[in-house]
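Examination of the molecular architecture
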Amino acid sequence: MKVKVVTRILEANERLAEENRRKFRESGVFVMNLMGAPGAGKTSLLEKTIEGMKNRKRIGVIEGDIAGTDDAERINSTGVPVVQINTGGACHLDANMISEVLPDVPLGELDLLIVENVGNLVCPAEFKVGEDMKAMVLSISEGHDKPLKYPLMFQESSALVVNKIDLLPYVNVDIDKLKRDAVSLNPALKIFEVSCRTGQGLEKWIEWLNGLN
Amino acid sequence: MHEASIALSILDVISERCNAEGYSTVESVRLKIGRAAGIMPEALVFTFDAAKHDTLARDAELVIDIVPLGGYCVRCGGNFEAEDAYVLNCPLCGSADFKIERGYEMEIVEMEVK
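In what follows, the accompanying structure is described. This is a predicted model, so every value here is computed, not measured.

1. Let's talk about the overall build of chain B
- Scanning chain B for helices and strands turns up two helices and six strands.
- Helices and strands appear in chain B in the N-to-C order α-β-α-β-β-β-β-β.
- Taken over C-alpha atoms, the radius of gyration comes to 17 Å for chain B, far larger than the 13 Å a tight globule of 114 residues would show.
- Each principal axis of the C-alpha distribution contributes one length, and for chain B these read about 50 × 25 × 15 Å.

2. A word on the sheet that holds strand β3 (residues 59-65) of chain A
Residue and element names in this part refer to chain A.
- The parallel open sheet is built from seven strands, whose spatial order is β4-β3-β5-β2-β6-β7-β8. The open sheet terminates on both sides in strands that have one partner only, identified here as β4 (82-86) and β8 (190-193). Strand-to-strand twist across the sheet, computed as the mean angle between neighbouring axes with direction ignored, equals 20°.
- Here strand β2 (residues 30-36) runs beside strand β6 (residues 133-139); their pairing, made up of five bridges, is parallel.

3. Remarks on the interface of chain B and chain A
- Of the residues lining the interface, 23 residues belong to chain B; the matching set on chain A comes to 23 residues.
- If you list the elements that add at least two residues to the side of chain B that touches chain A, you get α1 (3-21) and β6 (106-113) of chain B.
- Taken together, the residues of the side of chain B that touches chain A break down into 14 nonpolar, four polar and five charged.
- Direction of pairing for strand β1 (residues 2-8) of chain A relative to β6 of chain B: antiparallel, over a ladder of five bridges. Pairing of T7 of chain A across the sheet is with I108 of chain B, part of β6 of chain B.

4. Thoughts on the sheet that holds strand β2 (residues 61-67) of chain B
- Pairing is mixed across the open sheet formed by four strands, whose spatial order is β1(A)-β6(B)-β1(B)-β2(B). Here the strands that pair on one side only, and so sit at the sheet edges, are β1 of chain A together with β2 of chain B. Shown here is a sheet whose adjacent strand axes are inclined to one another by a mean of 20°, direction ignored.
- In this sheet, β2 of chain B lies alongside strand β1 (residues 26-34) of chain B in parallel orientation, the contact comprising seven bridges.

5. Thoughts on the nonpolar core
- Counting 91 residues, the largest nonpolar core has L113 and V161 of chain A together with I10 and I14 of chain B as its most contacted members.
- Element by element, the count of residues in this core is highest for α1 of chain B, at seven residues.

6. Thoughts on unusual backbone geometry
All names here are of chain A.
- Here V6, not a glycine, exhibits a phi torsion of approximately 45°, which is positive.
- Take V6: it is sitting in strand β1.
- Residue V6 is classed as exposed on the basis of its C-beta count, with 9 C-beta atoms lying within 10 Å.
- The phi angle at K164 is positive, at roughly 60°, despite the residue not being glycine.
- With respect to the element layout, K164 can be found in the loop between β7 (159-163) and α7 (175-185).
- The exposure class of K164 is buried, given the 24 C-beta atoms found within 10 Å.

Parameters at a glance
Residues numbered from 1 in each chain as written. Chains lettered and ligands numbered in written order. Predicted model: local features only at pLDDT ≥ 70, side-chain atom pairs only at ≥ 80, totals over all residues. Helix = DSSP H or I, 4+ residues; strand = E, 2+ residues; numbered from the N terminus. Rg over C-alpha atoms; globule rule 2.2 N^0.38 Å. Pairing = 2+ DSSP bridges. Axes fitted to C-alpha atoms, helices over the stretch in contact; angles between N-to-C directions. Contact = placed C-beta atoms within 7 Å. Nonpolar A, V, L, I, M, F, W, Y, C, P; charged D, E, K, R; others polar. Core = buried A, V, L, I, M, F, W, Y, C linked by C-beta atoms within 7 Å. Buried ≥ 20, exposed ≤ 12 C-beta atoms within 10 Å, placed from the backbone.

Here is the structure:
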């Protein structure tokens, strides 16, 4: 016998994400889901963002990694509250993992919660965690072909932070093509060229993020 | 490679439905997966087969219908379908002003049960 199901496969995740989002709204917390490949500079961008914003916004962080607490320790030393999630193999965070650690996140004391996703250009784009906005970090040395190879993440993100821009003279990367393809996939995408090492371009990114919530 | 999470979600949805409506065996599950949804059909079948053993769907076959990326162009008014997972310009006139209407689906359409 045939039975019609007609259900979105990720509906359960989306329901949980909506539940997380309701909790964030009730506490007046703006949530950014920060994605990017391993080594793109997600944690470095977080450190610089916290440094540049912490006098204006009360920030908290959820760190997602397959294993280890290195990133949470780095964030902890900036003085903001941080919770580490170890996915134990899973390549992305999902709404349930976030919901399980929420009791440890002091939502009432925060304006901005940043969720640093597992380093990966593919799966994190698929799973909502209850965020208001997704942003991605791409280091310039990853190459200008990434938008067309990993279109979904570029389409899902509101902002693209191109990090390690100080390396541009040393790599064979056509940044104009990178930006052109990224905007073709997502005309509303905001692009920031930064270097977390030299500090170049960080101010614009921080001003933009600060103005969102 | 999040096909394993997707396979587990499919098993959750169909098990819940079978328990609620009293079906004991699932013989097949038909999915609609968009070309741009970021799913590799072969990997999804592989992980579904690996995960189904202790469930009502232990003998179920996963049937996947692929939905090509499709939409219409605002400039030339034409409807198009694409083979790739993305479109940067209207394949008919080259304009960048187009709307994608399908190709991101990730749905369980129906199942065959006993």
